[in-house]
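Residue-level structural notes
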Amino acid sequence: MKEETQQFDVASHFVSILEKDDNMSPGIAAIKTLLMVLEKTKFDTVQEFHSTIQAAVGAMRKTDKPMTSVVSGTELFSRFITLAKFDDKTMDEVRKIMLNRGQMFLEKLLESRNVIAKQAITFISEGCRILTHARSRTVREALILAAQNNKRFHVFVTHSAPDHHGEQMVRELENAGIDCTLILDTAVGYVMETVDMVLVGAEGVVESGGIINRIGTVTMAICAREMKKPFYALVESFKFCRLYPLNQRDLPNEYKYNQKNIKDTAKVHPMVDYTPPGYITLLFTDLGILAPSAVSDELIKLYL
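Nothing here was measured: the structure is a model prediction, and the numbers come from that model.

Scanning the protein chain from N- to C-terminus turns up twelve helices and ten strands. A compact globule built from 304 residues should have a C-alpha radius of gyration of about 19 Å, and the protein chain, at 20 Å, falls within 12% of that. Its C-alpha atoms give the protein chain principal-axis dimensions of roughly 65 × 45 × 35 Å. Within the protein chain, buried positions represent 50% of all 304 residues. Sequence-distant contacts, at least 24 apart, represent 75% of the contacts inside the protein chain between residues at least 6 apart.

As structure tokens, then:
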């Protein structure tokens, strides 16, 4: 029989992880939550396991947190932990195998930002000027690592309305000794001609190699292409998702809008936009430095 787990509130646990650690991606928080579900629940069948995991993911998707990496991360997690051979195993043994594989998966993901940062700093030259959008934890880690390697550079950070995450990004970079300028979102075109490159994070990478990221990213990418500036995206592979949008309307509403506003989107500001692969120079990932055209092959490997 399955253990009583009613006292474990999946959504509350997921939200509390993010509130306690501002540096954590929602995708990682979702995977940690699923590991907790595995620890607290015994299953009589593998089908019962799948049903419980699906219900837990559904509960997290009803929160007001960004959903793109939650969906992709939990899909990859569920696939990875069920790839082991379970022949002649009791359900208790199966559960232990899944927990061990889940912990291995999580530990690998937690190293992703460091791997990406080491790749990206080779592109940051002495005295260069960098434009970034809002607050990407992965970009921040790369910039701080570059500064720790005694590279001097200047970073322009967009304010990022409506939540103004750029202000926090500037504080964090300045605390690391990095020269920064906070700019208006509408000043991207003005500043673009003075920078050497654009570095952005991403909430998701779609099959075409395009990215889903904070609203305003596609505007920045269009400006960068017009002014012939390299546009680099720094993103973990667990954010690779099986989507193939052709335009902004093709993005699922749960990715674009806060859950409390999802039923009335006509007057609500989207939180993310889609940047097509043609505007992206390279993707720095824990799988390596990729051209956007290589993403589809990597997705096939991830989901095999």
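With that settled, consider the sheet that holds strand β3 (residues 179-183). By way of backbone hydrogen bonds, the strands of a sheet pair with one another, either parallel or antiparallel. Pairing is mixed in the open sheet, where seven strands are placed in the order β3-β2-β1-β4-β7-β9-β10. Edge strands, defined here as strands with exactly one partner in the open sheet, are β3 and β10 (288-290). On average, each strand axis in the sheet is tilted by 25° relative to the strand beside it, whichever way the strands run. In terms of strand pairing, strand β1 (residues 129-132) meets strand β2 (residues 154-158) through four bridges, oriented parallel. Across the sheet, Ile 130 pairs through a bridge with Val 155, a residue of β2.

Before going further, it helps to spend a moment on the sheet that holds strand β6 (residues 211-214). Strand order in the open sheet formed by three strands is β5-β6-β8, and the pairing between neighbours is antiparallel. In this open sheet, the two edge strands, each paired with only one partner strand, are β5 (204-205) and β8 (272-275). Lying over the sheet, helix α10 (residues 217-226) contacts β6 and β8, oriented at roughly 35° with respect to β8.

Turning our attention to the layout of surface pockets. The space that makes up the largest pocket amounts to roughly 890 Å³. Lining the largest pocket are 39 residues, with Pro 66, Arg 137, His 165, Glu 203 and Arg 214 positioned closest to its centre. Counting residues per element, the ones that place at least two in the lining of the largest pocket are α4 (68-81), α7 (137-148), α8 (165-175), β6 and α11 (253-256). Each residue belonging to the lining of the largest pocket can be placed in one class, and the counts come to 13 nonpolar, 13 polar and 13 charged. Composition of the lining of the largest pocket by domain shows at least three residues from each of domain 1 (10-112) and domain 2 (114-303). The computed volume of the second largest pocket comes to approximately 270 Å³. As for the second largest pocket, its lining consists of 13 residues, and the residues nearest its centre are Leu 76, Phe 80, Phe 105, Lys 108 and Leu 302. Contributing elements (two or more residues each) for the lining of the second largest pocket: α4 and α5 (91-110). The element best represented in the lining of the second largest pocket is α5, accounting for four residues. The residue inventory of the lining of the second largest pocket, partitioned by class, reads nine nonpolar, one polar and three charged.

Conventions we followed
- All residue numbers here refer to positions counted from 1 along the written sequence of the relevant chain.
- Side-chain atom pairs in this predicted model are given and counted only at pLDDT of 80 or more, local residue features only at pLDDT of at least 70, and totals for whole chains, interfaces and linings cover all residues.
- Side-chain descriptors were evaluated using all non-hydrogen atoms of the structure, hydrogens and water having been removed beforehand.
- The numbering of helices and of strands both runs from the N terminus, where a helix is a DSSP run of H or I of at least 4 residues and a strand a run of E of at least 2.
- Taken over C-alpha atoms, the radius of gyration is set against a globule rule of 2.2 Å times the number of residues to the power 0.38.
- For the exposure calls, accessible area comes from a 1.4 Å probe over protein chains only, and a residue counts as buried if that area is under 20% of its type's maximum, exposed if over 50%, partly exposed in between.
- Here, two residues are considered to be in contact whenever any of their heavy atoms come within 4.5 Å of each other.
- Here, strands pair whenever DSSP counts at least two bridges between them.
- Note on method: axes are straight lines fitted to C-alpha atoms, helices fitted across the in-contact stretch only, with angles between N-to-C directions ranging 0 to 180 degrees.
- The distinction between a cavity and a pocket rests on a 1 Å grid over the protein atoms alone: a 1.4 Å probe fits inside a cavity but cannot get out, while a pocket stays open yet meets protein on both sides within 12 Å along at least five of seven lines, and a residue with an atom within 4 Å of a point counts as lining.
- Grid points are joined across faces, edges and corners, and a volume is the space filled by probe spheres set on the points.
- Residues are grouped as follows: nonpolar covers Ala, Val, Leu, Ile, Met, Phe, Trp, Tyr, Cys and Pro; charged covers Asp, Glu, Lys and Arg; every other residue, Gly included, is treated as polar.
- Domain limits in this description derive from either an automatic procedure or a database domain assignment.

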